[in-house]
Amino acid sequence: MDSEDVSPFGYDAFRRSCPSHAVLETLASKWVYLVICALRRGRLRNGELARKLEGITPKMLTQTLRILERDGLVRREVFPVVPPRVEYELTELGQNLAGLLNQIRAWSEQHVPDIKNARARAAEQQEDLSA
């Protein structure tokens, strides 16, 4: 193993049994990623999140928010009104992560043309091999 792969915290995400491996698995979910990025600017209600995250089902949004709350990345606040009002916001830990994820999101948006071109070239090569 390379010395750069060794964490100063004693964890090794390359090992399946390592807790950091499970953290990375959670973060690999596109919905986890997008919910954290959506909450970066402040509190949102469930409906606001659902409208912002095109394509997410109500069930997936609920599951994702529960995972993020469980992991200490999102705080859920219920207001004692009728009908009940629930708002979600990032915790300090979630804000810390959001900064990193926002950089990845910006990179992906910036490089869409590069990726699309690479995919088109790969498809052309595949067609040439099939012919």
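In this text, all values refer to a predicted model and were calculated from it rather than measured experimentally. (Residues numbered from 1 in each chain as written. Predicted model: local features only at pLDDT ≥ 70, side-chain atom pairs only at ≥ 80, totals over all residues. Heavy atoms only, no water.)

## Thoughts on the packing of aromatic side chains
For the structure on display, the rule yields 0 aromatic pairs. Above the ring of Phe79, the side-chain terminus of Arg85 is found at 3.9 Å from the ring centroid. (Phe/Tyr/Trp six-rings, centres within 6.5 Å; stacked < 30°, edge-to-face > 60°. Lys NZ or Arg CZ within 6 Å of the ring centre and 35° of its normal.)

## Here's the deal with unusual backbone geometry
Backbone torsion omega between Val82 and Pro83 reads -5°, so that peptide bond is classified as cis. Summarising the element assignment, Pro83 is placed in the loop between β2 (74–79) and β3 (85–90). (Helix = DSSP H or I, 4+ residues; strand = E, 2+ residues; numbered from the N terminus.)

## Let's talk about the pattern of salt bridges
What the rule picks out here adds up to 7 salt bridges. Here Arg43 ties to Glu77 by a salt bridge, and the two come within 2.3 Å at their closest N and O atoms. Note that Arg43 is positioned in the loop between α2 (30–38) and β1 (44–45) and Glu77 in strand β2, a separation of 34 residues in sequence. The shortest N-O distance in the salt bridge between Glu109 and Arg105 comes to 2.8 Å. A residue pair is termed a helical-turn pair when its members lie 3 or 4 positions apart in one helix, as Glu109 and Arg105 do in helix α5 (residues 92–110) at 4 residues. By relative accessible area, Glu109 is classed as partly exposed at 48%. What makes Arg105 partly exposed here is its relative accessible area of 25%. A network of salt bridges, in which partner residues are shared, links Arg43, Arg75, Glu77, Arg85, Glu87 and Glu89. (Salt bridge = Lys/Arg side-chain N within 4 Å of Asp/Glu carboxyl O. Buried < 20%, exposed > 50% of the residue type's maximum accessible area, 1.4 Å probe, protein only.)

## Looking at the environment of Gly10
Position of Gly10 among the secondary structure elements: in the segment before α1 (19–27). Along the chain, Gly10 and Asp114 lie 104 residues apart, while their C-alpha atoms are 37 Å from each other.

## A closer look at the environment of Asp71
As for its position among the elements, Asp71 is in the loop between α4 (58–70) and β2. What makes Asp71 partly exposed here is its relative accessible area of 32%. Each C-alpha atom of the pair Asp71 and Gly94 lies 9.3 Å from the other, and the pair is 23 residues apart in sequence. Apart from the residues lying within four places of it in its own chain, the contact partners of Asp71 are Thr26 and Leu93. A distance of 2.7 Å separates a polar atom in the side chain of Asp71 from a polar atom in the side chain of Arg70. (Contact = heavy atoms within 4.5 Å. Polar contact = N/O pair within 3.5 Å; in protein donor to acceptor, adjacent residues only side chain to side chain.)

In short, the description is geometric, and any link to function would need to be established separately.
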